[in-house]
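Okay, here's what each chain looks like letter by letter:
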Amino acid sequence: MCVDKVDRDEKPGWKLFFDGAANMKGVGVGAVLISETGQHYSVTAQLRFYCTNNMAEYEACILGLRLAVDMGVQEILVLGDSDLSVEFRHIPRIHNEIADALATLASILHHLDKAYVDPVHIQVRDQHAYCNMVEEEIDGEPWFHDVKEYIRSGVYPVHATGD
């Protein structure tokens, strides 16, 4: 295996090449980290969970980035043949408020099996919640009419069900 075709115009530094493959026999990922001096560090893994070829590409990239982090690499050029395009830039925490808040939230949540935390989905809505759920009232009354009548009379509407 040889990895030596890189544009010579690029500045010298650490480089990470990655690739993933998914086929009938399984899923494999690999990455090669090349130091500023040209030393090659290879890592490979067989994935034991279902994923598409694109997902394998992402896993390969992550595998290589973990190797780089473990080796203390501070700056790296990531190269791969997938459509995945990644650029990391340092920004002050004040400009990263939402991700910082989510990370803090995730750090304090506790799950029963301690190995999994349900993802938090944040949605931005341009209407009140009831507008997103009620498409049309059959009887022509507003959505809250039956609730209002129940509170007033204490009697369930005739068409109410237990569902």
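One structure accompanies this document, and this report is about it. (Residues numbered from 1 in each chain as written. Predicted model: local features only at pLDDT ≥ 70, side-chain atom pairs only at ≥ 80, totals over all residues. Heavy atoms only, no water.)

Regarding helix α1 (residues 53-70)
Helix length check: α1 (18 residues) gives 26 Å between terminal C-alpha atoms against 26 Å at 1.5 Å per residue, within 8%. Listed in full, the buried residues belonging to α1 are Ala 56, Glu 57, Ala 60, Cys 61, Gly 64, Leu 65, Leu 67 and Ala 68. Along its buried surface, α1 packs onto β1 (14-23), β2 (26-34), β3 (40-47) and β4 (76-80). Once α1 ends, the next one or two residues include Gly 72, with phi positive near 80°. (Helix = DSSP H or I, 4+ residues; strand = E, 2+ residues; numbered from the N terminus. Expected span 1.5 Å × (residues − 1). Buried < 20%, exposed > 50% of the residue type's maximum accessible area, 1.4 Å probe, protein only. Contact = heavy atoms within 4.5 Å.)

Concerning the packing of aromatic side chains
Tallied over the full model, the rule gives 2 aromatic pairs. Ring centres 6.2 Å apart and planes at 25° place the aromatic pair Trp 14 and Tyr 41 in the stacked group. With Trp 14 in strand β1 and Tyr 41 in strand β3, the pair connects residues that are 27 residues apart, well separated along the chain. Using a relative accessible area of 17% as the deciding quantity, one classes Trp 14 as buried. (Phe/Tyr/Trp six-rings, centres within 6.5 Å; stacked < 30°, edge-to-face > 60°.)

With respect to the environment of Tyr 150
Mapped onto the elements, Tyr 150 comes out in helix α4 (residues 145-153). Beyond its immediate sequence surroundings of up to four residues, Tyr 150 is in contact with Val 155 and Tyr 156.

Some details on the side chain of Glu 57
With respect to the helices, strands and loops of the structure, Glu 57 is situated in helix α1. Buried charge without a salt bridge: Glu 57, with Arg 66 as the nearest opposite-charge side chain at an N-O distance of 16 Å. Ignoring anything within four residues of it in the chain, the contact list for Glu 57 reads Phe 18, Asp 19, Gly 20, Asp 81 and Ser 82. (Lys, Arg positive; Asp, Glu negative; His and termini not counted. Salt bridge = Lys/Arg side-chain N within 4 Å of Asp/Glu carboxyl O.)

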